[in-house]
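Architecture at a glance
One letter stands for each residue in the lines below.
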Amino acid sequence: MSPTRDGGLFLTLEGIDGAGKSSHLDALEARFKAQGRTVVRTREPGGTPLAETLRALVLEQPMTPLTESLLVFAARCEHIAQVIEPALARGEVVLCDRFTDATFAYQGAGRGFDTAVLSTLEQWVQAGRAGLPAAQLLQPQFTLWFDLAPEIAAQRLAGARVPDKFEAQPVEFFRRVAQGYADRATADASRFVRIDASQARDQVWQQIDTALVARGVLSQVQGAAQ
Ligand SMILES: Nc1ncnc2c1ncn2[C@@H]1O[C@H](COP(=O)(O)OP(=O)(O)O)[C@@H](O)[C@H]1O
Ligand SMILES: Cc1cn([C@H]2C[C@H](O)[C@@H](COP(=O)(O)OP(=O)(O)O)O2)c(=O)[nH]c1=O
């Protein structure tokens, strides 16, 4: 069996903007469904009507890093209570595009905001959740970290879509964000699954599939290459 909480699986995707996360969400969802799992596909900031309203503010309005941090954790609080916890309790797969690692990477490393404050907010929002020991934070079982040089991500995004507030940031900002992710990965090596996102799309998918099979989260597809 896969490592689960209440039979559910909490899997997140992370990386700088343009790293290629969204390109693999459909295939991941289909892969779990093909194995008979019910999948809740969601994102942060967002995932509930209120959290989506907060997302629009965070992505469009200028604000202080503290306001940004409070809003993403407020959105997360709703998202956990209304979507993530109930789905995990039902034994489902929660496939979430970003979670708290993004706050440490973007607000912490990118904006230079105090990570001790972020850790406090993380405690408030992610500790004491249903089905977990009081001291344990709700965290993803695994985080697929799409690691890509900021210069390549910027090239991929150029002309691909209208940039939002973060995507309009200079490459130096994304260097700091990328370092923030690398630090989180070092601190929680068993949770983070590093994906070399510089490879071609089908090779990136192969890395994802192989990593999740190796961790017992997915079963090998019959006839697939070892
Ligand atoms: N492996 C890849 N090689 C080249 N381009 C890619 C690759 N993966 C995604 N892209 C392209 O890069 C851009 C950003 O990908 P996307 O999945 O939206 O990234 P993210 O969700 O991480 O911001 C898109 O235009 C996408 O088509
Ligand atoms: C979850 C989260 C996202 N963000 C940022 C990162 C992204 O630039 C943006 C939204 O992420 P994303 O959904 O990846 O954007 P898109 O749909 O355009 O690919 O929000 C934060 O700054 N802090 C957070 O805690």
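Numbers given for residues are sequential positions, taken from 1 along each chain in its written order. To label them, take the chains in the order written and letter them from A, then take the ligands in the order written and number them from 1. Thresholds applied to this predicted model are a pLDDT of at least 70 for local features of residues and 80 or more for the giving and counting of side-chain atom pairs; totals over whole chains, interfaces and linings are not thresholded and use all residues.

Remarks on helix H2 (residues 49–60)
Each helix is a run of DSSP H or I of at least 4 residues and each strand a run of E of at least 2, with the numbering of both proceeding from the N terminus. One less than the residue count of a helix, multiplied by 1.5 Å, gives the span that helix is expected to have. With twelve residues, H2 should cover 16 Å at 1.5 Å per step; its first-to-last C-alpha distance of 17 Å lies within 8% of that length. The burial criterion counts other C-beta atoms lying within 10 Å of a residue's C-beta, which is placed from the backbone; the residue is buried at 20 or more, exposed at 12 or fewer, and partly exposed between these limits. Of the residues making up H2, those classed as buried are Ala51, Leu54 and Val58. Viewed along the axis of H2, the buried residues span an arc of 60°, placing them on a single side of the element. Facing away from the buried side of H2 by more than 90 degrees, the exposed set consists of Pro49, Ala56 and Glu60. Those residues of H2 that are buried are in contact with helix H3 (65–89). Arc, as used here, means the arc of the directions from the helix axis to the C-beta atoms. Working definition of a contact: two residues with C-beta atoms, positioned from the backbone, lying within 7 Å.

Remarks on the pairing of strand S4 (residues 142–147)
Most of S4 is tucked away: five of the six residues are buried. Examined bridge by bridge, strand S1 (residues 9–15) and S4 share five bridges and lie parallel to one another. Across the sheet, the residue bridging to Thr12 is Thr143, located in S4. DSSP bridges decide pairing: two strands pair if at least two such bridges lie between them. The sheet contact formed by S4 and strand S5 (residues 192–196) spans five bridges and is parallel. Directly across from Trp145, in S5, lies its bridge partner Arg194.

Some thoughts on the UniProt feature "domain: Thymidylate kinase-like" (unreviewed entry) in the chain
UniProt positions are given in the numbering used here, feature names are shortened, and annotations may be inferred rather than shown by experiment. Sites flagged by UniProt as "domain: Thymidylate kinase-like" (unreviewed entry) map to residues 13–208. When the span residues 13–208 is considered, its composition is 53% helix and 12% strand, and the gap between its end C-alpha atoms is 11 Å.

Section: the site of ligand 1
Using the backbone to place each C-beta atom, any residue with that atom within 6 Å of a molecule or strand is considered near it. Near ligand 1 there are 15 residues, and of these Gly20, Ser22, Ser23, Arg156 and Ala160 occur at the shortest range. Of all the secondary-structure elements, those providing two or more residues to the shell around ligand 1 are helix H6 (150–157) and helix H8 (201–214). Think of it as three bins: nonpolar holds Ala, Val, Leu, Ile, Met, Phe, Trp, Tyr, Cys and Pro, charged holds Asp, Glu, Lys and Arg, and polar takes everything else, Gly as well. The class makeup of the residues in the shell around ligand 1 is six nonpolar, five polar and four charged.

Digging into the environment of Leu157
Position of Leu157 among the secondary structure elements: in helix H6. Expressed as a C-alpha distance, the spacing of Leu157 and Asp17, which sit 140 residues apart in the sequence, is 8.1 Å.

What about the site of ligand 2?
Taken together, the neighbourhood of ligand 2 is formed by 15 residues, with Val72, Ala102, Thr103, Tyr106 and Phe166 sitting nearest. At four residues, the largest contribution of residues to the shell around ligand 2 is made by helix H4 (residues 100–110). Tallied by class, residues from the shell around ligand 2 come to six nonpolar, three polar and six charged.

Some words on the nonpolar core
One finds Val94, Leu144, Phe146, Val177 and Ile195 to be the most contacted residues of the largest nonpolar core, which totals 50 residues. Sorting elements by how many residues they give to this core places H3 first, with eight residues. For Val94, the contacting residues outside a window of four places in its chain are Gly8, Leu9, Phe10, Leu11, Val40, Thr42, Ile84, Ala87 and Leu88. We call a set of buried Ala, Val, Leu, Ile, Met, Phe, Trp, Tyr and Cys residues a nonpolar core when their C-beta atoms link them within 7 Å.

Overview of the sheet that holds strand S2 (residues 39–43)
With parallel pairing, five strands are arranged side by side in an open sheet as S2-S3-S1-S4-S5. What marks the edges here is a single partner per strand, and that holds for S2 and S5. For this sheet, the mean inter-axis angle between neighbouring strands, taken without regard to orientation, is 20°. Between N-to-C directions, angles cover 0 to 180 degrees, with each direction set by a line fitted to C-alpha atoms, over the stretch in contact for helices.

Digging into the UniProt feature "binding site: ATP" (unreviewed entry) in the chain
Following the UniProt record, the feature "binding site: ATP" (unreviewed entry) maps to Gly15, Ile16, Asp17, Gly18, Ala19, Gly20, Lys21 and Ser22 here. Among all residues touching Asp17, those that are not within four sequence positions of it are Ala153, Leu157, Phe166 and Glu167. The residue Ser22 is located in the loop between S1 and helix H1 (25–34) in this model.

Description of unusual backbone geometry
Cis geometry is adopted by the peptide bond preceding Pro45, which originates at Glu44 and carries an omega value of -15°. The phi angle at Arg98 is positive, at roughly 80°, despite the residue not being glycine. Residue position: Arg98 is located in the loop between strand S3 (93–97) and H4.

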